[in-house]
Structure formats: structure tokens, C-alpha cells
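# A structural walkthrough
The residues making up each chain are set out below.
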There are 2 protein chains.
Amino acid sequence: MVSDRSIGPDETNPGLVSAAIQAITQHIRVEGLGPGDLLPSEADMTRKLSVSRTVVREAFRSLSAMRLIDMSAGRRASVAKLDIGAMSMVIEHGVTTEQISIQQVYDVRRTIEMRTVALAALRRTDAEAADVQKCAQLMRENYRAPEIVMEHDIAFHEAIARASHNPVFSLIINAFSGVTRRTWVIGWRTRATEEEQIKMIEGHADIARAIIAGNPQLAAEHMAAHFDKSVKALIDAGIA
Amino acid sequence: MVSDRSIGPDETNPGLVSAAIQAITQHIRVEGLGPGDLLPSEADMTRKLSVSRTVVREAFRSLSAMRLIDMSAGRRASVAKLDIGAMSMVIEHGVTTEQISIQQVYDVRRTIEMRTVALAALRRTDAEAADVQKCAQLMRENYRAPEIVMEHDIAFHEAIARASHNPVFSLIINAFSGVTRRTWVIGWRTRATEEEQIKMIEGHADIARAIIAGNPQLAAEHMAAHFDKSVKALIDAGIA
DNA sequence: TGCCCAAAACCTGTATGACATGTTTTCTTG
DNA sequence: CAAGAAAACATGTCATACAGGTTTTGGGCA
């Protein structure tokens with residue numbers, strides 16, 4: 001069981017700090033605050049909750065760590081724009097503590113990205129289509145520099161997620177990019193010959209073309225093929 | 001863009017606290033710690049990093065808020081088991097600040113759960129199949145009490161995610177359960193007649209049967225139909 | 001020796017006060 | 001009225017203190 005008696009996001013967890021966190025998130029909800037809106041100062045919260053500044057600070061800091069709020073010296077905290085924040089840390093934590101395998105991550109990515117690419121083919125603007133294509137193009141141009149190819153590869157998938165016009169997909173895919181960075185090179189090295197590496201890059205171009213053509217079916221098929229090859233490469237490299 | 005210049009999970013963010021957070025996660029990685037393993041005490045960290053206890057505490061507290069570590073009075077912090085933690089808060093934050101719509105959440109859920117249900121049909125143990133069926137059964141037995149039906153509904157989807165044997169799917173689906181709780185009743189009320197409500201519950205039974213039968217194709221189809229009906233219900237209720 | 005229990009040592013939770021530094025507001029002055 | 005200095009306000013970090021929980025230690029008893 002992943003969440004044995006999960007106490008949920010607004011938990012009643014003993015401790016003043018948890019109560020303070022709850023009070024702050026509730027404040028955001030009740031006041032209907034949106035990204036950029038200012039929160040009460042620490043001193044205000046201290047008075048309102050009748051707890052020490054220590055407690056209020058730890059609460060603010062916690063929300064900041066999850067990127068639910070933005071903090072910076074001298075100015076009050078503000079509601080944050082949607083951001084990977086905590087999500088990527090949760091995923092990375094799961095992988096580094098061996099509670100999640102790379103293969104499992106790839107299965108999830110495959111599932112999600114087959115959908116995002118189909119949505120992208122349907123809903124992309126021309127500018128978004130151009131972004132996607134540009135990433136594929138940059139991969140091709142830099143195919144001798146793995147690190148650079150990797151960054152454009154990641155950017156490619158993020159661009160597709162954006163073109164899907166569903167920020168939740170972007171959120172999740174971005175959350176995986178940290179893990180991807182740690183395994184990408186392994187998959188690349190497994191593609192021994194230059195020919196195979198070029199074929200992999202061309203797979204991205206195929207996906208881009210399908211998006212530009214507005215063909216969701218074809219786009220999803222290319223994406224699936226891409227992931228199948230990637231997973232195979234990782235398995236060949238001995239990654240369980 | 002969801003992550004404009006995201007500084008990643010191990011960011012170099014000005015501030016001693018961020019550095020401390022990084023030091024702690026790095027400690028986990030370097031020492032190869034797993035769930036339950038103990039971390040250094042705050043005093044140790046204070047010495048090791050040459051910063052005040054305040055800073056170290058805020059770092060620990062931040063990781064605790066993300067549920068990457070467990071803290072409790074008197075004992076040292078320990079590495080946490082995989083948990084929704086921050087993820088559900090990020091999602092809820094996105095919804096309450098209107099950066100994410102309910103419909104977008106449902107699209108993601110549909111995408112993911114069509115996959116989990118197929119995997120569950122393939123990989124379920126008998127015990128897991130029984131769990132799923134039991135949830136469907138409990139929904140039927142309590143169909144006059146919406147709140148109870150809802151809890152079993154959520155449990156139903158979580159049970160399927162577990163049966164998929166991929167904790168990442170469980171993680172994501174669980175992250176959505178908070179939002180689901182806030183919208184479920186709306187969808188239920190839209191199903192005006194008792195007959196329709198029963199039909200909705202029977203949809204779950206169909207899914208359960210397909211899982212028990214080990215038929216991934218059929219299971220996915222039933223799941224898709226279930227989500228299509230749910231989304232329709234929400235749209236009828238005027239939820240954008 | 002082996003076990004149990006009390007004291008000590010250790011650890012986290014919270015409060016208070018202080019000061020540095022960054023930001024916003026206010027007021028003065030040209 | 002505008003520009004700039006000063007004040008007010010905010011967060012970042014540190015030091016210290018003490019309450020209460022947990023683990024370790026060590027002594028005494030069977």
C-alpha cells in the first residue's frame with residue numbers, strides 16, 4: 001500500500017507547524033488567492049495563530065519547499081505559479097531509495113506521453129508545432145554532443161506536453177525530467193553505432209511531423225515506438 | 001511554460017536552507033539510505049554544515065512537509081516510505097488557484113487509469129483482484145449513502161493502481177484523490193435517477209469482472225466508458 | 001550471570017530576543 | 001512636483017532556553 005492511512009493534504013498532524021501550514025493553505029483558499037497574490041507577513045500570522053515566529057516560519061518554509069508559495073528576503077511571500085516543485089523531488093526520492101525502478105518510470109511516461117502527443121497533434125498552435133520541430137532539429141544538429149542532444153530531447157517532450165494544453169501533463173512529465181537526466185546517457189551509449197543514434201533522433205522527427213500534420217493516431221504510434229526502443233536500450237544496459 | 005527556468009530538485013537557490021536541504025538529500029543518496037534508515041541529528045547537521053540549528057531545522061521540516069523524511073519528537077528523522085506527500089498538495093494548489101481545471105484532472109486520470117486497469121488485469125494477484133471486487137461490492141451495498149460510496153469508489157481506483165504493480169501509478173492516482181473528494185458528490189447528484197446511480201455502480205462491477213477475468217482490453221474499455229460518463233456528468237453540472 | 005528499572009544523555013518542539021539585510025512607504029527638501 | 005533620504009516593515013540567520021519525548025547507560029536485585 002502506497003499510502004497507509006494517508007492523512008491527506010490538509011492533515012491533522014500533531015504539531016503547531018502542521019496547523020500553521022493548514023491555516024496558510026486555507027487562507028489561500030478562502031481568500032481565493034491566485035498566483036502572485038501576497039500572503040500575510042510572518043508577524044501577522046504569528047499574531048493570528050498565537051504561536052511563535054519559529055513555527056510560522058517553518059510553515060512558510062515548508063510551503064516554499066513544495067513551491068506552493070514564493071519567498072524572498074524583504075518582501076512578503078506570494079502564491080506561486082504552478083510548478084514541478086515537490087513532485088520531482090518525490091519521484092527522485094523514490095528512485096534513489098530504490099522504491100521505484102527506472103522501468104516503472106518509463107512505463108508511466110510512455111502511458112502519459114502517448115496521450116500528450118495525440119492531444120498535441122489535435123490542439124497545437126502553429127507556434128507550438130514549430131517549438132517541437134525546432135527541438136527535433138536541434139537534436140539532429142548536435143548529434144555528436146550527447147549532453148546537448150539530451151537537453152533538447154527533454155525540451156522536446158516538454159514542448160509536446162505544453163502543446164497538449166493540459167498543465168497537469170506538463171507537470172508530471174517535468175517531474176520525471178530529473179530522473180531522465182540521470183539515465184539518458186546510459187540509453188544513448190547502448191546505441192552503439194552512429195547509425196542507431198541517428199535513427200533514434202529521426203524517431204523524434206517522425207513524431208514532430210505527425211504533430212505538424214495533425215495526425216494523433218500516427219503521432220501516438222511513433223511515440224510508442226520511441227519508448228519501446230528506449231526501454232529496450234535500458235534493458236540491454238542492464239537497468240532493471 | 002510550466003517551469004520557466006526550473007532550477008530542478010537539487011537547486012542552487014540562494015539561502016542556507018536550500019543548501020541544507022541539498023546536503024540532506026545528498027546524504028541520503030551517498031549513504032544509500034532506504035526507508036526507515038536514520039538521518040543525522042539536527043545537532044550533527046548543525047556542526048557539519050556550520051550553520052545554526054534554525055537553518056537545519058527548516059531544512060528538515062521542508063523535507064518532512066514533502067514526506068521525504070519522517071519526523072517525530074524525541075527521535076531522529078528517518079527516510080520515509082514512498083508517499084503522495086507533496087504531490088497531492090501541488091495538485092490541490094493548482095486546482096484551488098484555478099491553474100488547473102477539474103476536466104484536465106479527469107483527462108489525466110482517464111489516461112493513467114486506462115493503463116493501470118489493463119496492467120491490473122494482467123498482473124493482479126488473486127488477493128488484489130478480491131480487493132478490487134470487494135470495493136465494487138461495498139459500493140453496491142451502500143448505494144444509498146453517497147459519502148460511503150465515494151470512499152469505496154476512491155478505494156476501488158487505488159486498489160486497481162496497486163494491482164498494476166507500479167508504485168508510480170499509485171502515487172499519481174492517490175495524488176488526485178483529494179481533488180476527487182471535492183468533486184465526486186457533484187457528479188453523483190447529476191445522476192438524477194436512482195437507476196442511473198446504480199448503472200454507474202455497475203460500471204465499476206464491470207471493470208472488476210474484467211480484471212478478474214484477466215482481460216486487459218475489456219477492462220480498459222470499461223474504464224474508458226466509466227470516465228466518459230463521469231466527465232459528462234461533471235460537464236452537465238456546469239464544471240468547466 | 002541475567003534481567004529490570006531508574007537516571008542520565010540525547011533529541012526534537014516551541015518560544016524569545018537580537019541583529020543583518022533587503023524592500024516598501026513616507027516624508028522632506030530642492 | 002519630483003527626487004532622494006529616512007523610517008517602517010519584511011525576511012534571513014543566529015544564540016539561548018526549556019519542555020517533553022526517546023534511547024542509552026548503569027546499577028541493583030534475583
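Residues numbered from 1 in each chain as written. Chains lettered and ligands numbered in written order. Predicted model: local features only at pLDDT ≥ 70, side-chain atom pairs only at ≥ 80, totals over all residues. Heavy atoms only, no water.

### Remarks on the overall build of chain A
Applicable threshold: Secondary structure elements follow DSSP: runs of H or I no shorter than four residues count as helices, runs of E no shorter than two count as strands, and numbering proceeds from the N terminus. Accessible area is worked out with a 1.4 Å probe on protein chains only. A residue is then buried under 20% of its type maximum, exposed over 50%, and partly exposed in between. Two residues form a contact once any of their heavy atoms are found within 4.5 Å. Residue burial considers only the protein chains on display, and all accessible areas are found by Shrake-Rupley using a 1.4 Å probe. Charge convention: Lys and Arg are scored as positive, Asp and Glu as negative, and His as well as the terminal groups of each chain are ignored. The atoms used to mark charge sites are NZ of Lys, CZ of Arg, CG of Asp and CD of Glu.
Scanning chain A from N- to C-terminus turns up ten helices and two strands. Counting helices and strands in the order they occur from the N terminus, chain A gives α-α-α-β-β-α-α-α-α-α-α-α. Along the three orthogonal principal directions, the C-alpha set of chain A runs to about 65 × 40 × 30 Å. Counting the 240 residues in chain A, one finds 55% classified as buried. In chain A, the share of contacts with a sequence separation of at least 24, taken over all contacts with a separation of at least 6, comes to 68%. Accessible area of chain A: about 10500 Å², with a carbon and sulfur share of 51%. Once the 28 positive and 30 negative side-chain charges of chain A are each reduced to a mean point, those two points are 3 Å apart.

### Observations regarding the packing of aromatic side chains
The line we're drawing: Any pair of Phe, Tyr and Trp rings, taking the six-membered ring for Trp, is counted once the centres come within 6.5 Å. Such a pair is stacked with planes under 30 degrees apart, edge-to-face with planes over 60 apart, and tilted for the rest. Placement of a positive charge over a ring is assigned whenever Lys NZ or Arg CZ falls within 6 Å of the ring centre and within 35 degrees of the normal to the ring plane.
In total, this model carries four aromatic pairs over all chains according to the counting rule given. With centroids separated by 6.2 Å and ring planes inclined at 70°, the aromatic side chains of A:Y106 and A:F227 adopt a geometry described as edge-to-face. Of this pair, A:Y106 sits in helix α5 (residues 102-123) while A:F227 sits in helix α10 (residues 216-236); the two residues are 121 residues apart in sequence, bridging distant segments of the chain. Across this residue pair, the class does not change: A:Y106 and A:F227 are buried. The interplanar angle of 15° and the centroid separation of 5.2 Å between the aromatic rings of B:W184 and B:W188 together place this pair among those described as stacked. Here B:W184 pairs with B:W188, and both are found in helix α8 (residues 167-190), just four residues apart, close to one helical turn. A relative accessible area of 6% places B:W184 in the buried class. Relative accessible area serves as the criterion here: at 5%, B:W188 is assigned to the buried category. The positively charged end of B:R109 is found above the aromatic ring belonging to B:Y106, 5.5 Å away from the centroid.

### Here we look at the relation of the copies chain B and chain A
Using the following cut-off: Copies overlap after least-squares fitting; the atoms used are the C-alpha atoms of residues with pLDDT of at least 70 in both.
You can overlay chain B on chain A at an RMSD of 0.0 Å; the transform is a turn of 180° with a shift of 0.0 Å along its axis. Overall, the copies show the geometry of a two-fold rotation axis. By C-alpha distance to the rotation axis, the residue of chain B lying nearest is B:S62, at 2.2 Å. Of the interface residues in chain B, 100% have counterparts in chain A that sit at the interface too, so the contact is made through matching surfaces.

### Examining the pairing of strand β1 (residues 69-72) of chain A
All names here are of chain A. We apply this condition: Two strands pair under a simple rule: DSSP has to find at least two bridges between them.
The pairing of β1 with strand β2 (residues 75-79) spans three bridges and is classified as antiparallel. Note on β2: the bridge partner recorded for S72 is R75. Taking the residues between adjacent antiparallel strands as the criterion, β1 and β2 are bridged by two residues, where G74 takes a positive phi near 90°.

### Describing the interface of chain B and chain A
Put simply, the rule is: When two parts are put together, the accessible area they lose, computed with a 1.4 Å probe and summed over both, is reported as buried area. In the sections that follow, a salt bridge refers to a side-chain nitrogen of Lys or Arg positioned within 4 Å of a carboxyl oxygen of Asp or Glu. Under the rule applied, a polar contact is a pair of N or O atoms within 3.5 Å (in protein, one hydrogen donor and one hydrogen acceptor; residues adjacent in sequence only if both atoms are side-chain atoms).
In this complex, chain B contributes 64 residues to the contact, which on the side of chain A involves 64 residues. Approximately 5800 Å² of surface area, both sides summed, lies buried where chain B meets chain A, with 64% of it carried by carbon and sulfur atoms. Note that A:R115 is salt-bridged to B:D107, the shortest N-O span being 3.0 Å. Connecting chain B to chain A are 16 residue pairs in polar contact (both at pLDDT 80 or more).

### Section: the protein's contact with DNA strand C
Basically, it comes down to this: Put simply, a residue is near a molecule or strand once any heavy atom of it comes within 4 Å of that molecule or strand. Only Asp, Glu, Lys and Arg are considered charged in this grouping, and only Ala, Val, Leu, Ile, Met, Phe, Trp, Tyr, Cys and Pro are considered nonpolar; every other residue, Gly among them, is considered polar.
For DNA strand C, the set of nearby residues contains 22 residues, the closest of which are A:L16, A:S52, B:R53, B:R57 and B:R75. Of all DNA strand C atoms lying within 4 Å of any protein atom, the proportion belonging to sugar or phosphate reaches 69%. Between a phosphate oxygen of DNA strand C and a main-chain N or O atom of B:E42, the distance comes to 3.1 Å. Between DNA strand C and B:G74, the relevant distance is 3.2 Å, taken from a sugar or linking oxygen to a main-chain nitrogen or oxygen of the residue. Taken together, the elements giving at least two residues each to the surface near DNA strand C come down to α1 (16-31) and α3 (53-65) of chain A together with α3 (53-65), β1 (69-72) and β2 (75-79) of chain B. Within the surface near DNA strand C, the residues separate by chemical class into seven nonpolar, seven polar and eight charged.

### Digging into the protein's contact with DNA strand D
Around DNA strand D, a shell composed of 22 residues is seen, among which A:R53, A:R57, A:R75, B:L16 and B:S52 lie nearest. Among the atoms of DNA strand D close to the protein, meaning within 4 Å, 75% are from sugar or phosphate groups. The contact in question runs from a sugar or linking oxygen of DNA strand D to an N or O atom on the backbone of A:G74, over 3.2 Å. Here a phosphate oxygen of DNA strand D and a side-chain polar atom of B:R75 are 3.3 Å apart. Elements with a contribution of two residues or more to the surface near DNA strand D: α3, β1 and β2 of chain A together with α1 (16-31) and α3 of chain B.

### Considering the environment of A:M71
Positionally, A:M71 belongs in strand β1. Once the C-alpha coordinates of A:M71 and A:R61 are considered, the two residues, ten residues apart in sequence, prove to be 8.1 Å apart.

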